[in-house]
Amino acid sequence: MTAHPLFAADYSHVPAGLREVRTRIAAACARAGRAPDAVRLVAVSKMHPAEAVLAALGAGQHVFGENRVQEAAGKFPPLRASHPALRLHIIGGLQTNKARDAVRLADAIESLDRPRLADAIADAIQHEGRTPNLFVQVNVGDEPQKAGIPTAEADSFIAACQARFGAALVGLMCIPPAEGDPAPHFAWLAACAQRHGLAGLSMGMSGDFETAIAAGATHVRVGTAIFGARS
Ligand SMILES: *Cc1c(COP(=O)(O)O)cnc(C)c1O
C-alpha cells in the first residue's frame with residue numbers, strides 16, 4: 001500500500017485501510033474495557049491530494065488532520081462545501097502569522113504550545129468570530145527539535161490557557177519520542193490532563209495508536225495506516 005508517484009491518483013485502497021484501522025481501534029478499546037466509540041479517529045491526510053480525502057469521505061470518515069495550514073487552505077474549503085459534516089484538525093507546528101488562517105479553517109487546533117501562539121490565537125478568535133477546539137501540545141520527551149510546551153512548563157501554561165480560552169481548551173496532545181516505549185509518555189499526558197480536568201487526549205499515530213488507546217487516548221491521529229506512505 002505504498003503510494004508510488006505513478007499511482008498517486010489511485011486511492012482505491014483507502015476504504016480497506018480505514019476499515020482495518022477502525023477494527024484495530026475497536027479491538028484496542030475492548031481490551032482496555034473502554035466503549036467502542038470512546039476514541040475518535042482523525043485521518044491524517046497531509047501530503048495526500050483531495051482525491052484521497054474524497055475516498056475517505058466516501059467510506060464514512062469525516063474527521064481529518066493536516067499539519068500545514070497552507071496545504072489545508074488549498075485542499076479543504078472546496079471539500080467542505082460539498083461535505084458539510086467534514087471536520088478539520090490542524091495538528092502541526094503553527095507559526096503565529098498563520099494563526100488567523102488556522103482559526104478560520106479549523107474545527108480544532110491541536111498544536112497550541114507557547115504563550116505567543118496563545119496570544120495570536122486569541123486575537124484570531126476575536127477577529128474571525130469563531131472558536132475552534134484547542135489542545136495544548138506537550139513535548140513529553142522534552143526533545144529540543146520538537147514542538148510542544150516543555151513538561152516543566154506544562155502545568156502553568158495549561159492553567160493559563162484554561163483561564164483564557166475556557167471550555168474551548170478541550171485537551172492535550174503529544175508526539176512521544178520516535179525511539180523507545182511510548183507508554184510512559186502517554187501515561188504522563190493522561191495524568192496531566194486529569195490534573196487539569198481536561199477530557200481530550202490526542203495521542204497515538206499509525207505505529208502506536210493501540211498503546212495510546214490503552215493509556216486513555218480519546219483522539220488518535222492516523223495517516224500512513226489509512227492512506228499509505230507519504231512521498
Ligand atoms: C503525520 C502526523 C501524524 C500521522 O502519522 P502516521 O505515522 O502517518 O500515522 C500524526 N500526528 C501528527 C502531528 C503528524 O504530523
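What you see is a predicted model; the values in this text were computed from it and never measured.

Draft legend 1. Highlighting the overall build of the protein chain. Scanning the protein chain for helices and strands turns up nine helices and nine strands. Against the 2.2 N^0.38 benchmark of 17 Å for 231 residues, the protein chain shows a C-alpha radius of gyration of 17 Å, consistent with a compact globule. A principal-axis box enclosing the C-alpha atoms of the protein chain has dimensions of 45 × 40 × 30 Å. The buried share among the 231 residues of the protein chain stands at 48%.

Draft legend 2. Spotlight on the pairing of strand β4 (residues 108-112). Judged by how many residues are buried, β4 sits mostly within the fold: five of five residues are covered. Between the parallel elements strand β3 (residues 87-90) and β4, the chain passes through helix α4 (residues 99-105) in a crossover that is right-handed. Looking at chain direction, β4 and strand β5 (residues 133-139) are connected through three bridges and run parallel. Following the sheet pairing, leucine 112 is matched in β5 by valine 136. Chirality of the crossover, the property in question, places the unit of β4, helix α5 (residues 115-128) and β5 among those that are right-handed.

Draft legend 3. Region of the structure containing helix α2 (residues 50-58). Looking at α2, one finds that the buried residues are Ala52, Val53, Ala56 and Leu57. All buried residues of α2 project into a common sector of 140° when viewed along the axis, lining one side. On its buried face, α2 is in contact with α1 (14-31), β2 (63-66), α3 (69-82) and α9 (224-227).

Draft legend 4. Examining the confidence of the model for the protein chain more closely. Taken over all residues, the pLDDT of the protein chain has a mean of 95, while the share at 70 or more is 96%. Note that pLDDT drops below 50 for residues 1-6; the model gives that stretch six contacts with residues more than four away or on any other chain.

Draft legend 5. Structural detail: the site of the ligand. Taken together, Val44, Lys46, Ile91, Ile175, Met205, Ser206, Arg221, Val222, Gly223, Thr224 and Arg230 are the residues near the ligand. Here an oxygen atom of the ligand sits 2.8 Å away from a polar atom, N or O, in the main chain of glycine 223. One of the side-chain N or O atoms of arginine 230 is found 2.8 Å from an oxygen atom in the ligand. Expressed as a share of its isolated accessible area of 380 Å², the protein-covered part of the ligand is 90%. Here the ligand is seated within the largest pocket.

Criteria and thresholds
Residues numbered from 1 in each chain as written. Predicted model: local features only at pLDDT ≥ 70, side-chain atom pairs only at ≥ 80, totals over all residues. Heavy atoms only, no water. Helix = DSSP H or I, 4+ residues; strand = E, 2+ residues; numbered from the N terminus. Rg over C-alpha atoms; globule rule 2.2 N^0.38 Å. Buried < 20%, exposed > 50% of the residue type's maximum accessible area, 1.4 Å probe, protein only. Right-handed = clockwise from strand over helix to strand, strands pointing away. Pairing = 2+ DSSP bridges. Arc of directions from axis to C-beta. Contact = heavy atoms within 4.5 Å. pLDDT = per-residue confidence, 0-100. Near = heavy atom within 4 Å. Polar contact = N/O pair within 3.5 Å; in protein donor to acceptor, adjacent residues only side chain to side chain. Areas by Shrake-Rupley, 256 points an atom, 1.4 Å probe, with all protein chains shown as cover. 1 Å grid on protein atoms, 1.4 Å probe; cavity = no way out; pocket = protein on both sides within 12 Å on 5 of 7 lines; lining within 4 Å. Sits in = over half its atoms within 2 Å of the grid points.

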